[in-house]
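Remarks on the overall topology
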Amino acid sequence: MGYYGIDVSYAQANVDWASVFPVVDFVIIRAGYGQGNEDTMLSSHIQGCIDNYLHMEGFYWFSYALSQADAIREAEYAYNILSQYVTPSNFVLWYDWEYDSDTWAEQQGVTITNNDRIRFAEGFCDKAIE
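Read on for an overview of the structure. (Residues numbered from 1 in each chain as written. Predicted model: local features only at pLDDT ≥ 70, side-chain atom pairs only at ≥ 80, totals over all residues. Heavy atoms only, no water.)

**Details of helix α3 (residues 68–82)**
The following threshold applies: Numbered from the N terminus, helices here are DSSP runs of H or I no shorter than four residues, and strands are runs of E no shorter than two. Take the residue count of a helix, subtract one, and multiply by 1.5 Å to get its expected span. Buried, partly exposed and exposed residues are distinguished by accessible area as a fraction of the type maximum, computed with a 1.4 Å probe on protein chains only: under 20%, between the cut-offs, and over 50%, respectively. What the arc measures is the spread of directions leading from the helix axis to the C-beta atoms. Any two residues whose heavy atoms approach within 4.5 Å at even a single point are treated as in contact.
With 15 residues, α3 should reach 21 Å at 1.5 Å per residue; the first-to-last C-alpha distance of 21 Å fits that figure. All of the buried residues along α3 are D70, A71, E74, A75, A78, I81 and L82. Along the long axis of α3, the arc covered by the buried residues comes to 145°, so they all point the same way. Each element contacted by the buried residues of α3 is listed here: β2 (26–33), β3 (37–38), α2 (42–51), β4 (56–62), β5 (93–96) and α5 (114–128).

**Details of the nonpolar core**
Spelled out, the test is: We call a set of buried Ala, Val, Leu, Ile, Met, Phe, Trp, Tyr and Cys residues a nonpolar core when their side-chain atoms join them within 4.5 Å.
Counting 28 residues, the largest nonpolar core has I29, L42, F59 and L82 as the members making the most contacts within it. Listing elements by their share of this core, those giving two or more residues are α1 (17–20), β2, α2, β4, α3, β5 and α5. Top contributing element to this core by residue count: α3, with 5 residues. Ignoring sequence-local partners within four residues, the contact set of I29 consists of V8, L42, H45, I46, C49, M56, G58, F59 and Y60.

**What about the pairing of β5?**
Taken residue by residue, a regular strand's side chains alternate between the two faces of the sheet. For clarity, the cut-off: Any two strands with at least two DSSP bridges between them are considered paired. Think of it like this: strands point away, you trace from the first strand over the helix to the second, and a clockwise trace means the crossover is right-handed.
Sheet topology note: the β4/β5 ladder contains 4 bridges and is parallel. Looking at β5, one finds that W61 is bridged to Y95. You can see the chain leave β4, run along α3 and come back into β5, and the turn it takes is right-handed.

**Some thoughts on the packing of aromatic side chains**
Here the distance between the centres and the angle between the planes together describe a pair of aromatic rings. Which entries qualify depends on this criterion: Put simply, two rings from Phe, Tyr or Trp (the six-membered ring, in Trp's case) pair if the centres are within 6.5 Å, and we call them stacked under 30 degrees between planes, edge-to-face over 60, tilted for the rest.
A complete count under the given rule lists 6 aromatic pairs for this structure. Each ring, one from F59 and one from F91, has its centre 5.7 Å from the other, and the planes form 90°; the classification is edge-to-face. Placement of the pair is F59 in strand β4 and F91 in the loop between α3 and β5, with a sequence separation of 32 residues. You'll find F59 and F91 in the same group, each marked buried. Ring geometry for Y95 versus F124: centroids 4.7 Å apart, planes at 45°, classification tilted. Remark: F124 occurs in helix α5 and Y95 occurs in strand β5; sequence separation between them is 29 residues. Overall, the relative accessible area of 16% leaves Y95 in the buried class.

What follows is the structure in structure tokens.
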């Protein structure tokens, strides 16, 4: 037996929250991405969880950082956006780096190494817990 959760973002625009309730134990919501872009469904997903008594385990920020400084700014954006909806001390914030993050960096002429990814994540997380 385990815990079951779902990850929602703009791509899940029509969630039937009443059906989700008996099936999942928690929800993780994408707060946004890149340099200050709020997920278009953030407010709706938060309200859906609240209205249906679903536990919001936390939020994630999809990174398009090209440097550690960019990742730190992304943490600031995430905090500022989320503080409009939830009490900052009451949520978990994850840093999300995916293949699309690498692809975007390459399109900008930047090659991201594993050491870069680690530094970016450390910068984001350090800023997020300040």
